[in-house]
Structures are given as structure tokens and as C-alpha cells.
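Structure assessment
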There are 2 protein chains.
Amino acid sequence: MARTVFEKSDAVALVAEVFRELGYEGASMSEITARTKLSKGSLYHFFPEGKEQMAAEIMADIDAWFVTEMFRPLEEQEPRAAIARMWETTDSYFRSGRRVCLIGAFALDETRDRFTSMIHGYFHRWIEALAGSLIKAGLRNNEAKALAEEAVVGIQGALTLARALGDDTIFGRTLARLRQRMEAVLS
Amino acid sequence: MARTVFEKSDAVALVAEVFRELGYEGASMSEITARTKLSKGSLYHFFPEGKEQMAAEIMADIDAWFVTEMFRPLEEQEPRAAIARMWETTDSYFRSGRRVCLIGAFALDETRDRFTSMIHGYFHRWIEALAGSLIKAGLRNNEAKALAEEAVVGIQGALTLARALGDDTIFGRTLARLRQRMEAVLS
DNA sequence: GACCTTCTAAACCGATCGGTCTATTAAAAA
DNA sequence: TTTTTAATAGACCGATCGGTTTAGAAGGTC
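Just so you know, these numbers come straight off a predicted model, no measurement behind them.

Quick notes on the rules
Residues numbered from 1 in each chain as written. Chains lettered and ligands numbered in written order. Predicted model: local features only at pLDDT ≥ 70, side-chain atom pairs only at ≥ 80, totals over all residues. Heavy atoms only, no water. Contact = heavy atoms within 4.5 Å. Buried area = accessible area lost by both parts, 1.4 Å probe. Salt bridge = Lys/Arg side-chain N within 4 Å of Asp/Glu carboxyl O. Polar contact = N/O pair within 3.5 Å; in protein donor to acceptor, adjacent residues only side chain to side chain. UniProt positions renumbered as here; feature names shortened; annotations may be inferred. Helix = DSSP H or I, 4+ residues; strand = E, 2+ residues; numbered from the N terminus. Near = heavy atom within 4 Å. Nonpolar A, V, L, I, M, F, W, Y, C, P; charged D, E, K, R; others polar. Least-squares fit on C-alpha atoms with pLDDT ≥ 70 in both.

Structural notes on the interface of chain B and chain A
Tallying the contact residues gives 40 residues for chain B and 40 residues for chain A. Note on chain B versus chain A: buried area summed over both sides is about 3,200 Å², and carbon and sulfur give 62% of it. Of all residues in chain B, Leu 108, Val 153 and Leu 165 of chain B give up the largest surface area on contact with chain A, accounting jointly for 19% of the area buried on that side. Counting across the interface, chain B meets chain A through eight salt bridges. For Glu 149 of chain B, the salt bridge goes to Arg 173 of chain A, with nearest N and O atoms at 2.7 Å. Applying the counting rule to chain B against chain A returns eight residue pairs in polar contact (both at pLDDT 80 or more).

Considering the UniProt feature "domain: Transcriptional regulator LmrA/YxaF-like C-terminal" (unreviewed entry) in chain A
Sequence positions flagged by UniProt for "domain: Transcriptional regulator LmrA/YxaF-like C-terminal" (unreviewed entry) are, in local numbering, residues 82-171 of chain A. Annotated as 74% helix and 0% strand, the span residues 82-171 of chain A places its first and last C-alpha atoms 20 Å apart.

Comments concerning the protein's contact with DNA strand D
Around DNA strand D, the surrounding shell holds 20 residues, and the nearest of these are Met 29, Ser 30 and Lys 40 of chain A together with Phe 6 and His 45 of chain B. Backbone atoms, meaning sugar plus phosphate, form 58% of the atoms of DNA strand D positioned within 4 Å of the protein. Note that a phosphate oxygen of DNA strand D is positioned 2.7 Å from one of the side-chain N or O atoms of Ser 30 of chain A. Between a base oxygen of DNA strand D and a main-chain N or O atom of Gly 41 of chain B, the distance comes to 3.3 Å. Of all the elements in the fold, those that place two or more residues in the surface near DNA strand D are helix H2 (29-36) and helix H3 (40-46) of chain A together with helix H3 (40-46) of chain B. Sort the elements by how many residues they give to the surface near DNA strand D and H3 of chain B lands first, with five residues. Taken together, the residues of the surface near DNA strand D sort by class into seven nonpolar, eight polar and five charged.

Re the relation of the copies chain B and chain A
Between chain B and chain A, which share one sequence, the superposing operator has a rotation angle of 180° and an axial displacement of 0.0 Å; the RMSD is 0.0 Å. Between the two chains, the operation in question is that of a two-fold axis. Identified as the residue of chain B closest to the rotation axis by C-alpha distance is Gly 157 of chain B, at 1.8 Å. Of all interface residues in chain B, 100% are interface residues in chain A too; the two copies therefore contact each other through one and the same surface.

Structure below.
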């Protein structure tokens, strides 16, 4: 029996894609082992507490990525450049809409109750970071908050419709529209 | 043992709420019987093909409701009034964001593959009906299509964020913003 | 080379899965 | 009243669930 050695970071990334495609309840251990080629032995070696730990670490991993790649830049860097980079990071992270938002998907059903604070924190920080950046760029508080909320809402909605319609173009079109509106307000 | 008699339409509505809350995979037969008080005997009497038939009939039921309450009015009635009614129907159907869109939720994971054409048809017709109404109200084709798409995207995104943030106000705020923007373009 | 630790493979476990079946009830049809 | 039919309750079934355990392979250390 051939033995393949994985790193934990590989395991997190591989299992993440399975949860993304199947949802928390849909991702059975047998589907996870089949799709990742990680045996149960490996999975329970990396995640002794099982499925719930896998999901928790995956979400923490995603959250950490967003913090360094999007939220902190928005909070710390020059707003117009940071916002411009946010649109590009968003498009590439979600693969132009071909990849769903795992955190958003978990929020829709009662999987939400297992990970309430993680889910809440992710979206809250995204909106707050973006709104903060818009305020630094000169917008009034209310307007910044509304525009930031509109952007995150639009991103999530576009991900849903991209999958629902099997349409590879709607996500890019939505990002472009949101971005254009934001730049119009900023100019 | 007390015997409660249900109508099939009751069964469809009750089971629908369970799928809405738990998703397709999360809604196990035992959860369905526990939450609806319908026994397995009743469920398999109404839906001899089981879970997949339940979901299919629920989606058909939802689709039919949307056709009569939203899509046909948009297609047949005076556009401005029909659009105004659409916003109110949307707000009340989704209970101001406290109720998720079952079709949108199914679209996110591989449940989508079981019901591809139903999911596609629902969102396609919604966008087309709204765009058609906007064209009748005087908008150019492109602008109508973009605005309709933006509205449906926004509704879906707001439903996701309402659950993610546990925020009862974001859905109404999003609808108001979308509606205001649409009316600004129409005036 | 012997030994220990890390990691993988897969058999195995009780619980739960979706689905079937039988018994029974209530009401309609005769 | 008797018979038939539609519907409900829940025990039951094999398969699959998430999780545990055992066995052994690979690699480092001495």
C-alpha cells in the first residue's frame, strides 16, 4: 500500500474545497476521503476532534487569509489603492464566481449555529474595514457604511447567482458595477 | 395513539420550512418527522419517492407561487405598479430577511446538480420578468437587464448577510436602497 | 542497525441514514 | 351496517454516517 505524506496545511486546503462544494452536512467523511485522497487515519491525525474541527480550522484559515490580504490592507493602507486591490483580490479569490464563499454558505443553514461568531466576525470585519477605508477616502460615516454593506451584499449575491445560473460572467459584471459605483462616489 | 390528518399542501409547506432551515443534506428524515410532526408513513404516503420528491415538489410549489405573485404581474401589469408590488411581495415573502431563499441555498452546494433546471429557471425568469417590466417602463435593454440582475443579486446577498450577521435590518435596508435606485433611474 | 516518533491505511464500531412494511384508524362508499 | 379506501404511526431494514482502533510504513536519532 503506497503511502503519501501530507502536510497539515495541504489537508486544510484540500478538505476546504470539499466543504465548499458539498456544504457541511453534505461533506461526509467518505466523500472527504474520496475527494482528497487523505485516509481517515490522516484526517483524524490532523483533526482529532473530527469534522467540526476541520470546519473550524478551515474557517480560521480563510479568515486569516482575508485579514492579511484584504482587511488589514483596507485598514492600514492608502484607501483608494487598497480598495482597488480589494476588487482584484475578491475576483481572484472567488475565481470569478466559480468558487463559492464557504462562510456565506455555512451562514444559510443551521451549520451557522456551530460557527456563529466566526461567521459574524468575518462579514462584520469585511464591512467595517471597507467602510473605514471609504471614510478615510473622504466619505461621510453613513454613506461609507451603506456603500460597504452594498459591496459585500453584492459579492455574496453574485456568488449565489453565478452558481444558480451556471453563469461565469455575472460575478465579474457585478464586481465591475459595484466598483464603478464606488469610484463614482469617491471622485 | 392520536391521529392527526394532514393535507398534502400542509405537508409541502411544513417540510419546506425544514429544508429551508437545514438545507437538503441537513434535513434528515428524522429531523423532518420531528419538526413537522408528520410520521414517516405520512411522508412516504405523500411523497413515495422520498426526500428528492419532497424537495422537487417544494421547489415547484415555490416556483408556482412566484410565477403568480411576482413574475406574471411583472410580465402583464403596468410596470411601475408591478415593480412597486414586487418589492413589497419580496419583503413579506422573505419575512424581512428572517427567511432564507431555499432555491438560492440549494444553488450553493451540489444539491444544485439534482435540481439544475428548476434553480436556473427560477432565477432566470425573475430577472427576465423584471427586466421586461423595466423595458416597458422605458429603459433601454442593457440598462434594464443590468438593473434587474442587480436587484436579484442584491436580494440574495442580503438574505445571506441577514443570516450571517443575525441582523434583522439589513434586508429591509438593502431592498430600500435597490428600490430607490430603480425609481431614480425610472424617473 | 535498533529504536522511537510521526503519519497513513483500513478494518471495525455503534448510531443514524433514507426507505419499507405492517398494523391500525377514520371516514367515505356500498 | 358492512366494506373499502385513504391516511397515520412506528417498528424495522440494510447502508452509510462520524469516529476509533490496530497495524505497520517512513524517517530521524543514536
